[in-house]
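# An overview of the molecular structure
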Amino acid sequence: MADYQIITETDIAALRRLVGDGYVSRGESHRELHAHDESFHETHRPDVVVWPHSTADVQAVVRLAAERRWPVTPWGAGSSLEGNPIPVSGGIVLDMQEMNRILDIRETDFQVDVQAGVIYKELNQRLQRQGLFFPPDPGASATVGGMIANNASGIRTVKYGPTKDYVQRLTVVLADGRVIPIGNRARKSSSGYDLCRLFTGSEGTLGIVTEATLRLVGLPEKVMAVRAAFPAVENASQTVFEVMSSGLTPSAMEFLDGAVMGVLNRDRGLDLEEKPTLLMEFHGFSEQGLQAELELVEDICRANGCVVLDRGIGPDERHRLWEMRHLTVESIKRVHPALHLLIMDVAVPLSRYSDMVTFIEEETRGFTAYVFGHAGDGNIHVVVMDDHHAPDRWCRVQDLNRRIVLQALEYEGTCTGEHGIGIGKREFMRREHGPGLDLMRDLKSLLDPQGILNPGKIFPPAAEE
Ligand SMILES: Cc1cc2nc3c(=O)[nH]c(=O)nc-3n(C[C@H](O)[C@H](O)[C@H](O)COP(=O)(O)OP(=O)(O)OC[C@H]3O[C@@H](n4cnc5c(N)ncnc54)[C@H](O)[C@@H]3O)c2cc1C
């Protein structure tokens, strides 16, 4: 690990001069708030939290950090699930929440310019007036910068794609303090290396995103929502495959196992069938068009033995369905208040989805486990609830996580569909990327030779490879 310098009181005074007195804190509560994300990973406090207001503020802080060799970890909303923003080497946490301005909505270009600290849900509320939206939807109250850094995705990715498909331009502060504008406003370009995609998914290890131009999409005219319950996981998986290959383009295709449905019933006072369930959404131009799609969806579901099919067209139906899905993790937590959670995240090719879910169901026997995910993308989550403070029990949970990831890699999938590597998935990087990992290390050394940006993430410690 790089040799970092200590931040002294004189340094704190220098930081205050750069960004303003009230925007630098060494207080216990601020440091504690920035010591953990939403995961179980060990907490680490930063030495100081800084809230910049502009690209110039970020540049000034990073320049000083580069000069003094202090670690700098950017921070969005801290909603990550793999320890991605935990400042494992201390130093500065650069909290982007004050950089939360929507700078320009360019309706006719289908683009919006934002500062990195904008919360995507607030952005979408604002864009509604223009009939536009930014589709990646991770559910939690994430910032645009955090979504770009983790290449986040969500329930609508099956139709609209992940965050990386929406990054048109970026302003990035590099580890030496240079400010680099990247990208352009054209809808297509084959001009040189695709630097927007290099920084997307880099988890704050290559540069700090201060502003972004995002692509937007028109809000759909009509929306149809379908809930279908099946006797077994295989029937639901086969339905996913047939819907996806039928020419239909669902805008969401979510799988929830029977245990998740049970939790939703208990926590939310519902009365739903506690069986493997698919939640689907379709976007269209007219009700007639959606009705025709609905008939095809119904045929496929019934041919696969669906036992319940609940459907409706319109915003209320849609809201009912997605509220249930978005609150799944909260409901699981509430039903097991004394236990801690580990959310696993893998993705496999669609042809392996059924095998992967079956493998998970077998491996999770004897655990308090819930399986759900973005089935249309081959993305599966397993939430296991257990006692984090009982080392042997928690080791068992981590072993389970390992087995599930290794199986996903065996199926030529990935160790993370959307949560990123952070600390939790570093150990799988070599296995997934082989010599590609060395190239990633070379890029990191080129852009951040002192290793000051979000140290300890993505790359496994050499001794553990
Ligand atoms: C209940 C729950 C459900 C979730 N569901 C999903 C889901 O469906 N799909 C999904 O993709 N994720 C999901 N997540 C994970 C998380 O919400 C996303 O990864 C989100 O994008 C993180 O954004 P954030 O603003 O909280 O970033 P943070 O967690 O603060 O940071 C994420 C990473 O980005 C870096 N970073 C932050 N801002 C910047 C910046 N401006 N420049 C450079 N680097 C930066 C940080 O250093 C860190 O490495 C879920 C989380 C929770 C708690």
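Residues numbered from 1 in each chain as written. Predicted model: local features only at pLDDT ≥ 70, side-chain atom pairs only at ≥ 80, totals over all residues. Heavy atoms only, no water.

## What to know about the overall build of the protein
Counting its secondary structure elements, the protein contains 16 helices and 18 strands. When the backbone C-alpha atoms are referred to their principal axes, the protein occupies close to 70 × 55 × 45 Å. Split into buried and exposed, the 465 residues of the protein put 55% on the buried side. Counted over contacts in the protein with a minimum sequence separation of 6, partners at least 24 positions apart contribute 72%. Taking the 48 positively charged and 66 negatively charged side chains of the protein as two groups, their mean positions are separated by 3 Å. (Helix = DSSP H or I, 4+ residues; strand = E, 2+ residues; numbered from the N terminus. Buried < 20%, exposed > 50% of the residue type's maximum accessible area, 1.4 Å probe, protein only. Contact = heavy atoms within 4.5 Å. Lys, Arg positive; Asp, Glu negative; His and termini not counted. Charge placed at Lys NZ, Arg CZ, Asp CG, Glu CD.)

## Focus on the packing of aromatic side chains
This structure, assessed with the given rule, holds three aromatic pairs. With centroids separated by 6.1 Å and ring planes inclined at 85°, the aromatic side chains of F134 and Y166 adopt a geometry described as edge-to-face. You can see F134 sitting in the loop between β7 (132-133) and α5 (144-150) and its partner Y166 sitting in the loop between α6 (157-160) and β8 (167-173), a full 32 residues away along the chain. Judged by relative accessible area, F134 falls into the buried class, the value being 1%. Residue placement shows R396 over the ring face of F367; its charged tip is 4.1 Å from the ring centre. (Phe/Tyr/Trp six-rings, centres within 6.5 Å; stacked < 30°, edge-to-face > 60°. Lys NZ or Arg CZ within 6 Å of the ring centre and 35° of its normal.)

## Thoughts on the domain arrangement of the protein
Each domain of the protein was delimited in the assignment, giving domain 1 (9-98), domain 2 (102-218), domain 3 (222-328) and domain 4 (337-410). A straight line from the C-alpha centre of domain 1 to that of domain 3 covers 42 Å. (Domains from an automatic or database assignment.)

## Focus on a nonpolar patch on the surface
The grouping of L439, L443 and L446 at the surface amounts to a nonpolar patch, some 310 Å² of accessible area in total. Here L446 lies in helix α16 (residues 436-447). (Patch = residues over 30% accessible without salt bridge, like charges linked within 9 Å, V, L, I, M, F, W, Y side chains within 5 Å. Areas by Shrake-Rupley, 256 points an atom, 1.4 Å probe, with all protein chains shown as cover. Salt bridge = Lys/Arg side-chain N within 4 Å of Asp/Glu carboxyl O.)

## Digging into the site of the ligand
In the vicinity of the ligand, 33 residues are found, and the nearest of them are P74, S79, S80, T143 and S153. Contact between the ligand and T143: an oxygen atom at 2.7 Å from a side-chain N or O atom of the residue. The backbone of E203 places a nitrogen or oxygen atom 3.1 Å from an oxygen atom of the ligand. In the complex, 94% of the free accessible area of the ligand, which totals 990 Å², lies under the protein chains. Only β3 (72-75), α5 and β10 (208-215) provide two or more residues apiece to the shell around the ligand. It is α5 that provides the largest number of residues to the shell around the ligand, a total of five residues. Considered class by class, the residues forming the shell around the ligand number 15 nonpolar, 15 polar and three charged. (Near = heavy atom within 4 Å. Polar contact = N/O pair within 3.5 Å; in protein donor to acceptor, adjacent residues only side chain to side chain. Nonpolar A, V, L, I, M, F, W, Y, C, P; charged D, E, K, R; others polar.)

## Looking at the packing of helix α1 (residues 9-19) against helix α3 (residues 55-68)
Axes are the key here: two packed helices are described by the angle between their axes and the distance separating the axes. Relative orientation of the contacting elements α1 and α3 amounts to 155°, with a least axis distance of 9 Å. Our classification of the angle between α1 and α3 gives roughly antiparallel. For the crossing formed where α1 meets α3, the hand is right-handed. Counted together, D11, A14, L15, L18 and V19 of α1 and D57, A60, V61, L64 and R68 of α3 form the full contact between these two elements. Residue composition of the contact of α1 with α3, by class: seven nonpolar, no polar and three charged. (Axes fitted to C-alpha atoms, helices over the stretch in contact; angles between N-to-C directions. Parallel < 35°, antiparallel > 145°, perpendicular 65-115°, else oblique. Left-handed = near helix turned anticlockwise from the far one by under 90°.)

## Regarding the environment of F241
Assignment of secondary structure puts F241 in helix α8 (residues 233-245). Spatially, the C-alpha atom of F241 lies 53 Å from that of L64, the residues being 177 residues apart in sequence.

## A short note on helix α4 (residues 120-127)
Buried residues of α4: Y120, L123, N124 and L127, and no others. Seen along its axis, α4 keeps its buried residues to an arc of 95°; they face one direction. For α4, exposure combined with an orientation more than 90 degrees from the buried face picks out E122 and Q125. Packed against the buried residues of α4 are β5 (102-106), β6 (111-115), β7, α5 and β10. (Arc of directions from axis to C-beta.)

## With respect to the side chain of E203
Here E203 is to be found in the loop between α7 (195-199) and β10. No salt bridge is formed by the buried E203; its nearest oppositely charged neighbour, K457, is found at 7.0 Å. Aside from chain neighbours lying at most four places away, what touches E203 is N84, A149, N150, G420, I421, G422, N454 and I458.

## A word on the sheet that holds β6
Read across the open sheet, the five strands follow the order β5-β6-β10-β8-β9; overall the sheet is antiparallel. Two strands close off the open sheet at either side, each with one partner strand: β5 and β9 (179-183). Ignoring strand direction, the axes of neighbouring strands in this sheet form an average angle of 10°. This element, α4, spans β5, β6 and β10 of the sheet and lies at about 40° to β5. (Pairing = 2+ DSSP bridges.)

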